[in-house]
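Descriptive structure summary
The residues making up each chain are set out below.
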Amino acid sequence: MKIVVDENMPYVEPLFGDLGEIIPVNGRTLTPEQVQDADVLLVRSVTRVNAALLDANPKLKFVGSATIGTDHVDLAYLATRGIVFSNAPGCNATAVGEFAFIAMLELAARFNSPLKGKVVGIVGAGNTGSATAKCLEVFGIKVLLHDPIKEAEGDPRDFVSLETLLQEADIISLHVPITRTGEHKTLHLFDEARLMSLKANIWLINCCRGDVIDNQALIKVKQQRDDLKLVLDVWEGEPHPMPELVPFAEFATPHIAGYSLEGKARGTFMLYQKLCELLAIPATKGLSDLLPRFNIKAVELEQLPDEKALLQLARFVYDLRDDDAVFRNCFANENGFDIMRKNHKHRREFSALALAYRGQSEVDWLSNLGFSGVGR
Ligand SMILES: NC(=O)C1=CN([C@@H]2O[C@H](COP(=O)(O)OP(=O)(O)OC[C@H]3O[C@@H](n4cnc5c(N)ncnc54)[C@H](O)[C@@H]3O)[C@@H](O)[C@H]2O)C=CC1
Ligand SMILES: O=C(O)C(=O)[C@H](O)COP(=O)(O)O
């Protein structure tokens, strides 16, 4: 069996090595010739999976994408060809949730304006929006959820309209898929008028898809509004963000909000499970054997962390400032955006860090946030 796989998908060899021949490829530049005799194709979000790529392949059985987003895949085409498809919903939810939460802690520290006491509006309450909300609520932050689709489906959580969210939230975090048509389309959901109408001193975080914000309009609005603070992980025109926009972002990163080692491993692992299911063979490999040990064994707390100390702890697992600095230096270089994504292997999730503290009962919130080994 030939398994053509994006070279940026980690842990493919240990998981799929026994199942067939693995052929690593550059996912962004993948050609029909490279995939014409594949039985299995494993991609990430940068590969357009459609008739143009796959028409020449008569034998493809399975396409897996180690992502939640499926906007790069022509699902209708795969269905007409009878090719089984699976994505990996939820694989990177914790990573994105922690990314957005850490970004808020970083902004709070930078502007000496504590997160505690602010109201956060989450647009899109699926996997990543809910993970962000969880971090915030565990830390005692009021969260407003806007998700008309989930609301209509009868999701029991409380939801607000977008108008209410815009009026009440001090921070807005975006977690919707990109959709270009329909009642709930998200393309340029934040257009010039909406951006202009945002509350004074608002913080806006986008780690879903670049085109959910009209980036050209965002440049125009930022030229007039210094009070609006931005964290941008995703960009219109990736891998070529508009160069004028980058300096307007407080934190700028190359679509890596979901890139914890754990999140990427989970993505590959979910596809492994799906392929085993399709082949009707037992999935015998385990996820826990794949991840390296974290470089800090444990941190012993003398006292419970306040907001600043929590940011220090968070920086042990992920220092957003490092990625921001590298991004600013290299995004404009040839392939700079993709090279940074390819080499992004340093980030862990809160669960990688064990915390030790004398009093068990007062630290439940730290374990609920995801840190392991809290209490002793
Ligand atoms: N920057 C990164 O590294 C990552 C980006 N993403 C992006 O974030 C998106 C969301 O990811 P998940 O939360 O895992 O997906 P999900 O499918 O679990 O949740 C998306 C939610 O958005 C809601 N939604 C759709 N249209 C909406 C609208 N107009 N207004 C409000 N809510 C709306 C849906 O009902 C759904 O609950 C993905 O589609 C992907 O594009 C996801 C993971 C990593
Ligand atoms: O899951 C998604 O959707 C994402 O946006 C991914 O985290 C993006 O990662 P790549 O698939 O582009 O490596």
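Residues numbered from 1 in each chain as written. Chains lettered and ligands numbered in written order. Predicted model: local features only at pLDDT ≥ 70, side-chain atom pairs only at ≥ 80, totals over all residues. Heavy atoms only, no water.

The residues that UniProt annotates with the feature "binding site: substrate" (unreviewed entry) are Ser45, Thr67 and Tyr259. Sequence-wise these annotated residues cover 215 residues; spatially they are packed, their C-alpha atoms never more than 12.4 Å apart. Within the secondary structure, Ser45 is located in the loop between β3 (40–43) and α3 (51–54). Non-local contacts of Ser45, meaning those with residues more than four positions away in its chain, are made with Thr67, His72, Arg209 and His255. Here Thr67 lies in the loop between β4 (62–65) and α4 (75–81). Polar side-chain contacts of Thr67 include one of 2.8 Å to the backbone oxygen of Gly69. (UniProt positions renumbered as here; feature names shortened; annotations may be inferred. Helix = DSSP H or I, 4+ residues; strand = E, 2+ residues; numbered from the N terminus. Contact = heavy atoms within 4.5 Å. Polar contact = N/O pair within 3.5 Å; in protein donor to acceptor, adjacent residues only side chain to side chain.)

Turning next to the pattern of salt bridges. Under the counting rule described, the total for this entry stands at 20 salt bridges. Measuring nitrogen to oxygen at the nearest pair gives 2.5 Å for the salt bridge that ties Asp338 to Arg28. Of this pair, Asp338 sits in helix α14 (residues 336–342) while Arg28 sits in the loop between β2 (21–25) and α2 (32–35), placing them 310 residues apart in sequence. Classification of Arg28 as partly exposed rests on a relative accessible area of 29%. Asp170 serves as the salt-bridge partner of Lys199, at 3.2 Å between the closest nitrogen and oxygen. Note that Lys199 is positioned in the loop between α9 (192–196) and β9 (203–206) and Asp170 in the loop between α8 (162–168) and β8 (171–174), a separation of 29 residues in sequence. On the accessibility criterion, Asp170 (24% relative accessible area) is partly exposed. (Salt bridge = Lys/Arg side-chain N within 4 Å of Asp/Glu carboxyl O. Buried < 20%, exposed > 50% of the residue type's maximum accessible area, 1.4 Å probe, protein only.)

Across the two faces of β8 the burial is the same, with Ile171 and Ser173 and Ile172 and Leu174 all buried. Where strand β6 (residues 119–123) lies against β8, four bridges are found, and the strand directions are parallel. When the bridges of β8 are listed, Gly121 appears paired with Ile172. Note that β8 and β9 share four bridges and pair parallel. Residue Ile171 lies in a different strand from β9, and its bridge partner there is Trp203. (Pairing = 2+ DSSP bridges.)

Surveying the vicinity of ligand 1 reveals 28 residues, the closest of which are Asn127, Thr128, Asp147, His184 and Asp233. Take His184: an N or O atom from its main chain is 2.9 Å from a nitrogen atom of ligand 1. Contact between ligand 1 and Cys207: a nitrogen atom at 3.1 Å from a main-chain N or O atom of the residue. For ligand 1, whose unbound accessible area comes to 850 Å², protein coverage reaches 91%. Of the residues assigned to the shell around ligand 1, the class counts are 11 nonpolar, 13 polar and four charged. (Near = heavy atom within 4 Å. Areas by Shrake-Rupley, 256 points an atom, 1.4 Å probe, with all protein chains shown as cover. Nonpolar A, V, L, I, M, F, W, Y, C, P; charged D, E, K, R; others polar.)

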